[in-house]
2 protein chains.
Amino acid sequence: MSEPIQGPKGTRDFYPEDMGVQNHIFDCWRKVCRAFGYEEYEGPTFENLELYTGKSGAEIVGQLYHFKDKGDRDLALRPELTPTLARMVNQKGSGLRKPLKWFSIPRLYRYERMQRGRLREFFQLNMDIVGCDTWAAEIDLISAVIEMMKEFGLGEKDFSIRISSRQVLSEFLEGLGVPEDKRASVYSALDKRAKIGEAEFCRLLEKEGLIKRNIDAVETFFNCKTWEDLEKRLDQFKPPGGWSSAIGADALKWILERLGDLGYQNFIKLDLSVVRGLACYTGIVFGVYDNAGNMRAIAGGGRYDNLLQNLGGQPVSGVGFGMGDVVLADLLKEKGLLPEGRQGVDYYLADVLTPADVASAEDLFGLPQKELLHLAQVLRAKGRSVSYSLEVGKLKRQLAEANDQNACKVIFFGSDKAPIGSFEVKDLSSGEQKVVGESEL
Amino acid sequence: MSEPIQGPKGTRDFYPEDMGVQNHIFDCWRKVCRAFGYEEYEGPTFENLELYTGKSGAEIVGQLYHFKDKGDRDLALRPELTPTLARMVNQKGSGLRKPLKWFSIPRLYRYERMQRGRLREFFQLNMDIVGCDTWAAEIDLISAVIEMMKEFGLGEKDFSIRISSRQVLSEFLEGLGVPEDKRASVYSALDKRAKIGEAEFCRLLEKEGLIKRNIDAVETFFNCKTWEDLEKRLDQFKPPGGWSSAIGADALKWILERLGDLGYQNFIKLDLSVVRGLACYTGIVFGVYDNAGNMRAIAGGGRYDNLLQNLGGQPVSGVGFGMGDVVLADLLKEKGLLPEGRQGVDYYLADVLTPADVASAEDLFGLPQKELLHLAQVLRAKGRSVSYSLEVGKLKRQLAEANDQNACKVIFFGSDKAPIGSFEVKDLSSGEQKVVGESEL
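Residues numbered from 1 in each chain as written. Chains lettered and ligands numbered in written order. Predicted model: local features only at pLDDT ≥ 70, side-chain atom pairs only at ≥ 80, totals over all residues. Heavy atoms only, no water.

1. Quick look at the pairing of strand S4 (residues 74–77) of chain B
All names here are of chain B. Our working rule: The rule for pairing is simple: two strands pair if DSSP sees at least two bridges between them. Labels follow the DSSP assignment, with helices taken as runs of H or I lasting at least four residues and strands as runs of E lasting at least two, numbered in each case from the N terminus.
Note that strand S2 (residues 46–48) and S4 share 3 bridges and pair antiparallel. Of the residues in S4, the one forming a bridge with Asn48 is Leu75. In this structure, strand S3 (residues 66–68) lies alongside S4, joined through 3 bridges in antiparallel fashion. Note that in S4 the partner of Lys68 across the bridge is Asp74.

2. What to know about the interface of chain A and chain B
Operational definition: In what follows, residue pairs with any heavy atoms lying within 4.5 Å of each other are defined as contacts. Here the quantity called buried area is the accessible surface, traced with a 1.4 Å probe, that two parts lose on coming together, added over both. Between Lys or Arg on one side and Asp or Glu on the other, a salt bridge is scored when a side-chain nitrogen of the former is within 4 Å of a carboxyl oxygen of the latter. We call two N or O atoms a polar contact when they sit within 3.5 Å, provided that within protein one can donate a hydrogen and the other can accept it, with sequence-adjacent residues counted only if both atoms are side-chain atoms. Residues are sorted three ways: Asp, Glu, Lys and Arg are charged, Ala, Val, Leu, Ile, Met, Phe, Trp, Tyr, Cys and Pro are nonpolar, and all the rest, Gly among them, are polar.
At the interface, 105 residues of chain A touch 105 residues of chain B. Between chain A and chain B, a total of about 9,100 Å² is buried, with carbon and sulfur atoms accounting for 57% of that surface. Looking only at chain A, the three residues that lose the most surface to chain B are Ile5, Tyr15 and Leu390 of chain A, adding up to 9% of its buried area. A salt bridge links Asp140 of chain B to Arg380 of chain A; the nearest nitrogen and oxygen atoms lie 3.8 Å apart. At the boundary of chain A with chain B, the tally comes to 43 residue pairs in polar contact (both at pLDDT 80 or more). Along the lines of polarity and charge, the residues of the side of chain A that touches chain B split into 44 nonpolar, 27 polar and 34 charged.

3. Topic: the packing of aromatic side chains
We describe a pair of aromatic rings using the distance from one ring centre to the other and the angle between the two ring planes. Residues and elements named next belong to chain A. Test applied: When two rings of Phe, Tyr or Trp (its six-membered ring) have centres within 6.5 Å they constitute a pair, described as stacked for plane angles under 30 degrees, edge-to-face for angles over 60, and tilted for the intermediate range. Each residue is assigned to one of three classes by its accessible area relative to the maximum for its type, calculated with a 1.4 Å probe on protein chains only: buried under 20%, partly exposed between the two thresholds, exposed over 50%.
Following the criterion strictly, the structure yields 39 aromatic pairs over all chains and no others. For the pair Phe26 and Phe123, a centre-to-centre distance of 5.0 Å together with 65° between the ring planes defines the contact as edge-to-face. Taken as a pair, Phe26 in helix H1 (residues 16–35) and Phe123 in strand S7 (residues 121–130) lie far apart in primary sequence, 97 residues in all. A single burial state applies to Phe26 and to Phe123, both of which are buried.

4. Looking at the relation of the copies chain A and chain B
Put simply, the rule is: The copies were overlaid by least squares, fitting only the C-alpha atoms of residues that reach a pLDDT of 70 or more in each copy.
The transform that puts chain A on chain B rotates by 180° and translates by 0.0 Å along the axis, for an RMSD of 0.2 Å. Expressed as a symmetry operation, the mapping of one chain copy onto the other fits a two-fold axis. Identified as the residue of chain A closest to the rotation axis by C-alpha distance is Phe67 of chain A, at 2.7 Å. Taken together, the interface assignments show that 100% of the residues at the interface of chain A recur at the interface of chain B, consistent with an identical surface on both copies.

5. Thoughts on the sheet that holds S4 of chain B
Residues and elements named next belong to chain B. What counts is decided by this rule: Fitted lines through C-alpha atoms give the axes, limited to the stretch in contact for helices. The angle between two N-to-C directions lies from 0 to 180 degrees.
Strand order in the open sheet formed by 3 strands is S2-S4-S3, and the pairing between neighbours is antiparallel. Lying at the two open borders of the sheet, with one neighbouring strand each, are S2 and S3. Strand-to-strand twist in this sheet, taken as the mean axis angle between neighbours without regard to direction, amounts to 35°.

6. Focus on the sheet that holds strand S14 (residues 386–388) of chain B
All names here are of chain B. The strand order across the open sheet formed by 5 strands is S14-S13-S15-S16-S17, and the pairing between neighbours is mixed. What marks the edges here is a single partner per strand, and that holds for S14 and strand S17 (433–437). Going across the sheet, the axis of each strand differs from the next one's by a mean of 30°, ignoring polarity. Pairing of strand S15 (residues 409–413) with strand S16 (residues 422–427), which is carried by 4 bridges, proceeds in the antiparallel orientation. Among the inter-strand pairings, Phe412 is bridged to a residue of S16, identified as Glu424.

Written as structure tokens, this is what we have:
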């Protein structure tokens, strides 16, 4: 006997109990996506490497599982689904009527240092609207993410959606006279702000050459918590010629108002420090955060107006978000909102053998009787899930198996208490035991 | 604009219509597995390479997508799930109560020459019973596979299950005096028999040094189509000392009888030429074949009593089968048994704008009204799937979108035919149009 082989680091085995949890999460995701009229799609697990390296400088490229196939082509396990979405939409071009509302539950792969909530292989819900230029897309997606969290049993005490606008941020920095080549450093500092703290954040800005007045302005700006606050600051720091464009601020205002109209005001927080990475976002960005537990990000997304074009397609806009399974499952587990135990069957058929039967059954290597197999067939045809002992032995052992399999009811097959055409049935949760006709099963 | 990037060879993109087909297949697989009391599990997409190379000589090793991670560990995308199953069962050891009835729908990867029904990335249903030594396991799995094919709408005219026994075959060759080191060549020839024809098959056996009498015996043996035929041949070719063991034949007989008792006689065919690869099978083997179309194999499996032990675990027996999605979908498509088109929504909310509204809506960049968003929210809370135009324009354009989205019903929001609290609704399949109260939606 050789040494047992282990599974790879950073991956998970899903035993039936774990799979019950996964299926609960997937079912809930699918249910809400479908209620909102999103259609499911999927792509390949690996893509040509260039699909990811094209977005130069993306942090994700350093985390790729990259390999060559036997035709010497460079491939990579997908680290995210959006490039695949862009490729698929680009390939069909105008054959797809826009806007598209699509969702997917891909398995994704990132080679990264393992820590809580991070694995090298995980699942992620992706919801995207492609080809919609109105802010109705943002409303639709943010409503969906709130309804999804509620569907899991989470309420306004548990999570919040923090909303910002890359456009407002960019306009604000432009208005302050921060040159374009410095703005990326500000975003980068901003992305680290929650981790490094305000003091360190200001030091970073100083290092980048921002003058005191601008650092103060940026800091005040990021501390705005309401639309009224923000409006005041936009007024206070208005550049001599006025703001170049007010569209970013108008969008943000309209979206906050409309989400309030829909009764979501207690889930929504304006938070201009939300950046959601440095990637492709061009407009509204948002993140779903756990209200306790160090503000863990459960989901994040925003508007990316140039992504499809950057990947070789038409200039088609997009809005989308991703929600991973790992952090979500941790949160749901903490709140006691995950199903536990095995899924179970409706009926377990236990064979009530007489001592004579036992002898004969043993002769037959413990094979189940054909009449019992037939009953299983009849019940399954009625839509019931049914199991029975595959190695018939003592009744006690069969009942232990029924319990282990989390059966709802046990049928005592061959019980002398049940006349022909009827069965003695025990409900394992209530303990109730009675004789019922076949039609009642 | 750069050249659009393509997806990798041998992989598929699942657009919403394709995903509808996939989900139909997955749902049907899951439904029957659960009815039979099988529990779902999953493993990682990639495993340590040694999990596959350990089974020396397997054809599958030449088809692996193999790569190194950044820690220089050798990994491979899984070409099949059974080694993962064995690893998972071995890792928990006696902590898992046997027998286990488990199923999974893994995505699998094989680098092979592309041809009809073969892709480099595909899905496969795996159903396995681990730790059951009685033939009840074979009955349970073969019954499940038949019920599954019926669930897809296929009948006895469409497919058959061909059953053989590696044990009977091995005993037969032993009885004929074919030495053990020649038997592998016979299996290999047998595996090619359907492709190369009987004449070429006999020539191969001759080349392997089998004498004329044995070639005739093997040929007669493989042509047995019923249990009675086989019994006659076993008698005819009985070696001087009798058969070393009759267990293989007894099992085959009992299994054929019991499947007949369950009403499956027209689905079942004894066919000793079924080998199902050269891998790990030790007892009953079976394949599900398309009755037309060149006998394509839709599924295949059998008993593998040594696999878990070979992979470093306890000597625990297993029976299982795999059914790929590609050949199955081809067959279902040919028979017209696949769903077509997009999944659709229950309601599409069309905004009946007055000319004045249109002007104002255009001012607002075509944003939907808040009352319409509220109605969508109310209907979704009732469990309905709802969509609406994200860029409100002319009614005609909205109705075209509703049709394109395969909506069941359109609500004419703001129609002057509907008093307050009621809505004008059109059923898009019947064309019927009427005014109903909100509670009836």
